[in-house]
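Next come the chains, spelled out residue by residue.
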Amino acid sequence: MTSALPDTPANTLHRRAVYLPSVDKVLQEAGALIERHGRSRILRAVQSLLSELRTAALTHNEAKDEDAPCINDILKQVEVRLARQDSSKLKKMFNLTGTVLHTNLGRALLPDVAVQAVVDAMTSASNLEFDLETGKRGDRDDLVEELLCELTGAEAATIVNNNAAAVLLLLNTMAMGKEVIVSRGELVEIGGAFRIPDIMQRAGATLRETGSTNRTHLADYRNAIQADTALLMKVHCSNYVITGFTKSVELDEITALGRERNIPTAVDLGSGTLIDLEQFGMVREPTVREAIEAGADLVTFSGDKLLGGPQAGIIVGRADLITQIKRNPLKRALRVGKITLAALEPVLALYRSPELLTQRLTTMRLLTRPRTEMQQQAETLIPLVQQALGDAYQVQGAEMSSQVGSGALPVDQLPSFGIKINANPAHKLSNALGRLEKAFRQLPRPVVGRIANEAFCLDLRCLDGDQQEFIDQLAFLKP
Ligand SMILES: *Cc1c(COP(=O)(O)O)cnc(C)c1O
């Protein structure tokens, strides 16, 4: 097409903007896209793309007349944009960090029985708060309360959104406007801004610290008790250990003191477990049942840490206290949805057969995976990863140690096996490991490992069941 305007650079730009097709013209050709996405969405996408192209045409000096896109190009660009918008933000990943219960990667993976129960609850009506015996309104906690009592020896139980909420609700119910005694050695900060002193304050309770960071005696608890002491509290140290010259008071001594002075005792177990982990070769972690047997009046723990279920906070303990907790209006604000309860029930049910947990409960299976299995897997994967990376990198098998994660057993390392990738020094690639880490992160199903001792490490413990998908996407690996 020719133009009446003289051929100055400014006029060329102007002409290009003018030659962009109109929105109507583009829409006339967009039948297939409109059918798939609806007219209003395509209209908006075309309008915004054309307006961007117009702005670009009027500002980019080096543009030539022929660069003006045709309708087909525009439709293709619209299609690419919509596909990008539609790709989910929450992506499946491979957690090869070696930390099994990784808070940033979603903690526990649910076993199939729980997934099926969730699907059913999401797609059918259910007796979430409906008593099938009486036909009257029920309490959603009833769905798992009996099971929790059976597994822990407690009299009653209630469920909230997460363990932080459980601690908040417990403190608010038991100690609003009153004092709670906690040892200085247990004023935990869990990652992500959960700190016992802060939660205490938000719950309206006053923290009375006792003892010292490394040593607290029963007499310290006894001396800290005032007229307005409402609760003695013990907190699991979760993500740290105090070693050396230390002393903490056993739970049964604290609960005995509490009974003597008529003050309830609560324990925040954090991860908490329902079974003795030593039977699977792991380090001991106090069980919920032991805390109840030691006389704790209330115990709180997470649903998605060692328990291996959905995100939830569980409170078990004395029936009269659980009743008070359920009556607190905050309970309504912190309650869980049906999806959580649907997943929690079958997970808890698996604990009726503890010896079978390593086969049936995903978290327990991953935590106990035999090292030889991971080593065999490494032998399969090493040549494939090496081939994908070329000779700029050296790939080999290596002993590694995994962690439980989420504050459980912070110093317990699980012997593991994985793939170690070093940069080939002959290639003098700048930031070779950083590029490699990023390339794995940018795969269609992102892979996260960790960089340690000048190598990028992929711990294979959690690559269980979807190995082929890992292999198939190696072709896209471009460090
Ligand atoms: C993890 C943890 C919490 C918080 O539990 P969430 O389920 O993450 O809310 C509270 N207390 C202790 C001791 C913990 O380890």
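Quantities reported herein were computed from a predicted structural model and do not represent experimental measurements.

## Things to note about the overall build of the protein chain
Step number 1: Of regular secondary structure, the protein chain possesses 20 helices and 15 strands.
Step number 2: Rg of the C-alpha trace for the protein chain: 30 Å, well past the compact-globule value of 23 Å for 479 residues, more than 25% over.
Step number 3: If one aligns the C-alpha atoms of the protein chain with their principal axes, the spans along those axes are about 100 × 60 × 45 Å.
Step number 4: In the protein chain, buried positions account for 48% of the 479 residues.
Step number 5: Partitioning the intrachain contacts of the protein chain with sequence separation of at least 6 by distance along the chain shows that 74% fall at a separation of at least 24.
Step number 6: As displayed, the protein chain offers around 23900 Å² of accessible surface, 50% of which is attributable to carbon and sulfur atoms.
Step number 7: Taking the average place of the 54 positive charges on the side chains of the protein chain and the average place of its 58 negative ones, the gap between the two points comes to 5 Å.

## Here we look at the UniProt feature "modified residue: N6-(pyridoxal phosphate)lysine" (unreviewed entry) in the protein chain
Step number 1: Here, the residues flagged by UniProt with the feature "modified residue: N6-(pyridoxal phosphate)lysine" (unreviewed entry) are Lys 305.
Step number 2: Looking at where Lys 305 falls in the secondary structure, it is placed in the loop between β9 (298–302) and β10 (313–317).
Step number 3: Not counting the four nearest positions on each side in its chain, Lys 305 is found in contact with Leu 101, Arg 107, Ala 108, Gly 270, Ser 271, Thr 363 and Ser 406.

## Some points on the packing of helix α8 (residues 163–175) against helix α13 (residues 319–327)
Step number 1: One way to put it is that α8 packs onto α13 with a least axis distance of 9 Å and a crossing angle of 105 degrees. With respect to their mutual orientation, α8 and α13 come out roughly perpendicular. Touching Leu 169, Leu 170, Thr 173 and Met 174 of α8 are Leu 321, Gln 324 and Ile 325, all from α13.
Step number 2: In the contact of α8 with α13, the residues fall into five nonpolar, two polar and no charged.

## Topic: the packing of aromatic side chains
Step number 1: Following the criterion strictly, the structure yields two aromatic pairs and no others.
Step number 2: Ring geometry for Phe 94 and Phe 470: centres 5.6 Å apart, planes at 90 degrees, overall edge-to-face. With a gap of 376 residues between them, Phe 94 in strand β1 (residues 94–95) and Phe 470 in helix α20 (residues 467–472) connect regions that are remote in the sequence.

## Considerations on the state of the cysteines
Step number 1: Enumeration over the complete set of coordinates arrives at zero disulfides.
Step number 2: The closest cysteine sulfur to the non-disulfide-bonded Cys 457 is located on Cys 462, 15 Å from its own sulfur.
Step number 3: Using a relative accessible area of 15% as the deciding quantity, one classes Cys 462 as buried.

## What to know about helix α15 (residues 338–350)
Step number 1: When the terminal C-alpha atoms of α15 are compared, their 19 Å separation across 13 residues agrees well with the 18 Å that a helix rising 1.5 Å per residue should span.
Step number 2: Looking at the packing, one finds that the buried side of α15 touches α6 (112–123), α7 (142–152), β2 (156–160), β10 and α16 (357–360).

## Comments concerning α8
Step number 1: Between its first and last C-alpha atoms α8 spans 18 Å; for 13 residues at 1.5 Å apiece the expected length is 18 Å, and the two agree.
Step number 2: Taking burial as the measure, the 13 residues of α8 include twelve buried ones, the bulk of the element.
Step number 3: Looking at α8, one finds that the buried residues are Asn 163, Ala 165, Ala 166, Val 167, Leu 168, Leu 169, Leu 170, Leu 171, Asn 172, Thr 173, Met 174 and Ala 175.
Step number 4: Gly 177, located one to two residues past α8, shows a positive phi value of around 75 degrees.

## Regarding the side chain of Lys 331
Step number 1: Along the polypeptide, Lys 331 turns up in helix α14 (residues 329–334).
Step number 2: Using a relative accessible area of 9% as the deciding quantity, one classes Lys 331 as buried.
Step number 3: Polar side-chain contacts of Lys 331 include one of 3.2 Å to the side chain of Asp 141.
Step number 4: For Lys 331, the contacting residues outside a window of four places in its chain are Asp 141, Thr 158, Ile 159, Val 160, Leu 169, Ile 325 and Lys 326.

## A few points about the pattern of salt bridges
Step number 1: Counted by the stated rule, this structure contains 27 salt bridges.
Step number 2: For the salt bridge of Glu 52 with Arg 81, the shortest nitrogen-to-oxygen distance reads 2.6 Å. With Glu 52 in helix α4 (residues 39–59) and Arg 81 in helix α5 (residues 71–86), this residue pair connects regions lying 29 residues apart in the sequence.
Step number 3: The class for Glu 52 is partly exposed, based on a relative accessible area of 40%.
Step number 4: Here Arg 81 falls in the partly exposed class, since its relative accessible area comes to 26%.
Step number 5: Between Asp 141 and Lys 331 there is a salt bridge, with its nearest N and O atoms 3.2 Å apart. You can see Asp 141 sitting in the loop between α6 and α7 and its partner Lys 331 sitting in helix α14, a full 190 residues away along the chain. By the burial criterion, Asp 141 is buried, and Lys 331 matches it.
Step number 6: Connected through shared salt-bridge partners, Asp 139, Asp 141, Glu 145, Lys 326 and Lys 331 make up one network.

The rules behind each value
- Residues numbered from 1 in each chain as written.
- Predicted model: local features only at pLDDT ≥ 70, side-chain atom pairs only at ≥ 80, totals over all residues.
- Heavy atoms only, no water.
- Helix = DSSP H or I, 4+ residues; strand = E, 2+ residues; numbered from the N terminus.
- Rg over C-alpha atoms; globule rule 2.2 N^0.38 Å.
- Buried < 20%, exposed > 50% of the residue type's maximum accessible area, 1.4 Å probe, protein only.
- Contact = heavy atoms within 4.5 Å.
- Areas by Shrake-Rupley, 256 points an atom, 1.4 Å probe, with all protein chains shown as cover.
- Lys, Arg positive; Asp, Glu negative; His and termini not counted.
- Charge placed at Lys NZ, Arg CZ, Asp CG, Glu CD.
- UniProt positions renumbered as here; feature names shortened; annotations may be inferred.
- Axes fitted to C-alpha atoms, helices over the stretch in contact; angles between N-to-C directions.
- Parallel < 35°, antiparallel > 145°, perpendicular 65-115°, else oblique.
- Nonpolar A, V, L, I, M, F, W, Y, C, P; charged D, E, K, R; others polar.
- Phe/Tyr/Trp six-rings, centres within 6.5 Å; stacked < 30°, edge-to-face > 60°.
- Disulfide = S-S within 2.5 Å.
- Expected span 1.5 Å × (residues − 1).
- Polar contact = N/O pair within 3.5 Å; in protein donor to acceptor, adjacent residues only side chain to side chain.
- Salt bridge = Lys/Arg side-chain N within 4 Å of Asp/Glu carboxyl O.

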